[in-house]
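These are the residues of each chain, in order.
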Amino acid sequence: MNWAVKYRPTEYEQIALSPELRKLFEKRILKDKHLGDFLFYSKDPGIGKTTLAKMLGEIFNYEVVFINASKEGNMDTIRNTIDRAVNYASIEKNGKLIILDEAERISPAAQESLRGILEEERYENLNFIFTVNNKNRLIKPIAESRLLPLDFTLPKEFATDNPEFKNSVLAPILKYLIYILKDNNIQFETNDLYNMVKDDYPNLRLIVNKMEFSIVNGILTPSSYLTSSNKMEEEELLELIKSKNFEELYKRSKDFYTI
């Protein structure tokens, strides 16, 4: 299993958030233990929207009903799953959290059906979180009023001279990456790790994938990875990993690595 899948962040402190969003979570959502109906959105992939949504279920001790719209895109399947979830309160947990991942993949007509569910009266401690990369593909009632939209877009500027950026964004990323390396007994220089983050920020998933393929004899060696003029595209790399086509991955990587 590749590291980006195996090592999804398991602690809130490992999630990089904009300073503004971190303040909202820590001073309102987590401190007051107040979970609402949210829309997590950002066009940047791999920054932790889905991971944090699942994590909130654990933090609040909620039963989590997770629906991946890209895999379970049939509206009947989605509606039946949600209908079952909203009709029965959780017996063993504090509440129930329904997560609809990649919700923008659902048709506008299907979204109208979901809108009705969101507007219905429900039992206490039943909440929804939708995650999307493109908020504009949601109908307005869902995107702007039925769910509270939270922008997960990280600051574009890699501003290490900004204390808020260092504490809210950079420190959690480095903590997360160092955990992965130590768990695999990999030696590393902090400056090398910092430079890898800087090169591909804010795409954390890409950073982890590159880090995994930059290990030489148990040492993090960024120079062993593909040069900028000879990179394997991220989507192509991920597809080879997901399909477990290790023979082709090895064949392709031989041309790029200097080991």
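Structure: above.
Bear in mind the structure is a predicted one, so any value in this text is a computation, not a measurement. Note on numbering: residues in each chain are counted from 1, in written sequence order. Only residues with pLDDT of 70 or above have their local features reported here, since the model is predicted, and side-chain atom pairs are shown and tallied only from 80 upward, although totals for entire chains, interfaces and linings are computed over all residues. The side-chain quantities take in all heavy atoms of the structure and omit both hydrogens and water.

With respect to burial, strand E4 (residues 126-132) is a largely interior element, seven of its seven residues being buried. Only protein chains enter the area calculation, which uses a 1.4 Å probe; residues under 20% of their type maximum are buried, those over 50% are exposed, and those in between are partly exposed. Here a strand is any run of E in DSSP of at least two residues, a helix any run of H or I of at least four, and the numbering for each starts at the N terminus. Judged by which residues are buried, E4 turns out to be covered on both faces: Leu126, Phe128, Phe130 and Val132 on one side and Asn127, Ile129 and Thr131 on the other are all buried. Strands are labelled as partners when DSSP assigns at least two bridges between them. Two strands pair when backbone bridges link them, and strand E1 (residues 38-41) and E4 are joined in this way by four bridges, in the parallel orientation. Across the sheet, residue phenylalanine 40 finds its bridge partner in E4, namely threonine 131. Two elements, strand E3 (residues 95-101) and E4, share five bridges in a ladder whose sense is parallel. Within the sheet, the bridge partner assigned to isoleucine 98 lies in E4 and is phenylalanine 128. Here the term right-handed applies to a crossover when the path leading from its first strand over the helix to its second strand runs clockwise, the strands being oriented away from the viewer. Handedness of the crossover is the feature at issue here: the chain leaves E3, passes through helix H5 (residues 108-119), returns alongside E4, and the resulting connection is right-handed.

This next bit is on the environment of asparagine 133. Tracing the sequence through the fold places asparagine 133 in the loop between E4 and helix H6 (140-146). Judged by relative accessible area, which is 36%, asparagine 133 ranks as partly exposed. For this analysis, residues touch if any pair of their heavy atoms sits within 4.5 Å. Excluding residues within four positions of it along the chain, asparagine 133 makes contact with Ser42, Lys43, Asp44, Lys49 and Glu104. A distance of 3.0 Å separates a polar atom in the side chain of asparagine 133 from a polar atom in the side chain of lysine 49. Any pair of nitrogen or oxygen atoms within 3.5 Å is treated as a polar contact; in protein, a donor-acceptor pairing is required on top of that, and neighbouring residues in sequence qualify only through side-chain atoms on both sides.

Moving on: the packing of helix H2 (residues 19-29) against helix H7 (residues 163-183). Where H2 contacts H7, the two axes come as close as 9 Å, and the packing angle between them is 85 degrees. Between H2 and H7, the angle is such that the two are roughly perpendicular. Residues Pro19, Arg22 and Lys23 of H2 form the contact with H7, whose participating residues are Glu164, Phe165, Ser168 and Pro172. Only C-alpha atoms enter the line fits that serve as axes; for helices the fit covers just the stretch in contact. Angles between N-to-C directions range over 0 to 180 degrees. Roughly parallel refers to an angle under 35 degrees, roughly antiparallel to one over 145, roughly perpendicular to one between 65 and 115, and oblique to any angle outside these ranges.

Within the open sheet, the five strands sit side by side as E2-E3-E4-E1-E5. Their pairing is parallel. The sheet is open, and its two borders are formed by strand E2 (62-68) and strand E5 (148-151), each paired with just one other strand. Averaged over all adjacent pairs, the angle separating strand axes in this sheet is 20 degrees, with direction ignored. The strands touched by H2 are E1 and E5; relative to E5, the strand with the most contacts, the crossing angle is about 135 degrees.

With that settled, the discussion passes to unusual backbone geometry. The omega torsion across tyrosine 201 and proline 202 is 10 degrees, close enough to zero to call that bond cis. Within the secondary structure, proline 202 sits in the loop between helix H8 (190-200) and helix H9 (204-212). One non-glycine residue, glutamate 102, lies in the positive phi region at around 55 degrees. Secondary-structure assignment places glutamate 102 in the loop between E3 and H5. Taking the relative accessible area as the measure of exposure, glutamate 102 reaches 22% and is therefore partly exposed. A positive phi angle is found at asparagine 125, which is not glycine, with a value near 65 degrees. By the element assignment, asparagine 125 lies in the loop between H5 and E4.

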